[in-house]
Each structure stands twice: as C-alpha cells, then as structure tokens.
Amino acid sequence: MAQTFRNVYFLVILRGIDILFCTWIWRNYDITISSMCGLELRRPLPKLWARWLGAFLNWLQPGHCESAIIADQARCQAALVILSG
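Cut-offs and rules
Residues numbered from 1 in each chain as written. Predicted model: local features only at pLDDT ≥ 70, side-chain atom pairs only at ≥ 80, totals over all residues. Heavy atoms only, no water. Helix = DSSP H or I, 4+ residues; strand = E, 2+ residues; numbered from the N terminus. Buried < 20%, exposed > 50% of the residue type's maximum accessible area, 1.4 Å probe, protein only. Polar contact = N/O pair within 3.5 Å; in protein donor to acceptor, adjacent residues only side chain to side chain. Contact = heavy atoms within 4.5 Å. Phe/Tyr/Trp six-rings, centres within 6.5 Å; stacked < 30°, edge-to-face > 60°. Disulfide = S-S within 2.5 Å. Expected span 1.5 Å × (residues − 1). Arc of directions from axis to C-beta.

**What to know about the side chain of serine 35**
In step 1: Looking at where serine 35 falls in the secondary structure, it is placed in helix α2 (residues 33-41).
In step 2: The buried category is assigned to serine 35, whose relative accessible area is 2%.
In step 3: Within polar-contact distance, the side chain of serine 35 engages the backbone oxygen of alanine 68 at 3.0 Å.
In step 4: Polar side-chain contacts of serine 35 include one of 3.3 Å to the backbone nitrogen of isoleucine 69.
In step 5: Excluding anything up to four places from it in sequence, serine 35 contacts Ala68, Ile69 and Asp72.

Here's what the structure looks like:
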C-alpha cells in the first residue's frame, strides 16, 4: 500500500490540529478540513466557503483538496491494518 501522507513529527502535529478543528466545526473526526472542502467541492453546487477555501488551497498546491481526500483514505486504511493486527 502506497502511503500518500508523511509521518514527520511536525506534520503529524499539524494534521492533528487540522483534524481537531474539523471535529469542532463539522463534528466529523479523522477527516481534515481540506478533505471536507474537497468533498463539498464535488457537489453540483458547492457552498461559498468551500469555493473560496478550495480556490486558495488549490492555488497553494494544485489538486490539494483531492490529494487530501486520498491521504485521509490512506490514513484510514493504515489504521485498519493496525487494528486488524
């Protein structure tokens, strides 16, 4: 399984903070704000906040929101492997 996220300590802390804020805002844990934005952008008529945030994030890194969804899926698969023993 190819890992699309890095486990550098600093990035793990930042990702944890990102997930914490997403949990507070949307009450969905283990998902990043970028993924929530990407999921909203997949809708036929995305909300304004997602269009603005998605435009900014995708300007910083092309394909950022879709990459975040893929990374969150890979992180969940890695957790399943650990939990399966």
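**Notes on the packing of aromatic side chains**
The relative placement of two aromatic rings is captured by the distance of their centres and the angle of their planes.
In step 1: Evaluated as defined, the whole model comprises three aromatic pairs.
In step 2: Measuring from ring centre to ring centre gives 5.2 Å for tryptophan 26 and tryptophan 49, while their planes differ by 40°; the resulting arrangement is tilted. In this pair, tryptophan 26 sits in helix α1 (residues 9-26) while tryptophan 49 sits in helix α3 (residues 48-60), placing the two residues 23 residues apart along the sequence.
In step 3: Given the relative accessible area of 26%, tryptophan 26 is considered partly exposed.

**Observations regarding the state of the cysteines**
In step 1: Counting across every chain of the model gives zero disulfides.
In step 2: Here cysteine 37 stays unpaired: no disulfide links it, and the sulfur of cysteine 65, its closest cysteine neighbor, is 3.9 Å away.

**Some points on α1**
In step 1: Over its 18 residues, α1 runs 25 Å from end to end, which matches the ideal 26 Å to within 8%, given 1.5 Å per residue.
In step 2: For α1, the set of buried residues is Arg15, Ile19 and Cys22. The buried residues of α1 occupy an angular sector of 60° when projected down its axis, which confines them to one face. For α1, the exposed residues lying more than 90 degrees away from the buried face are Tyr9, Phe10, Trp24 and Ile25.

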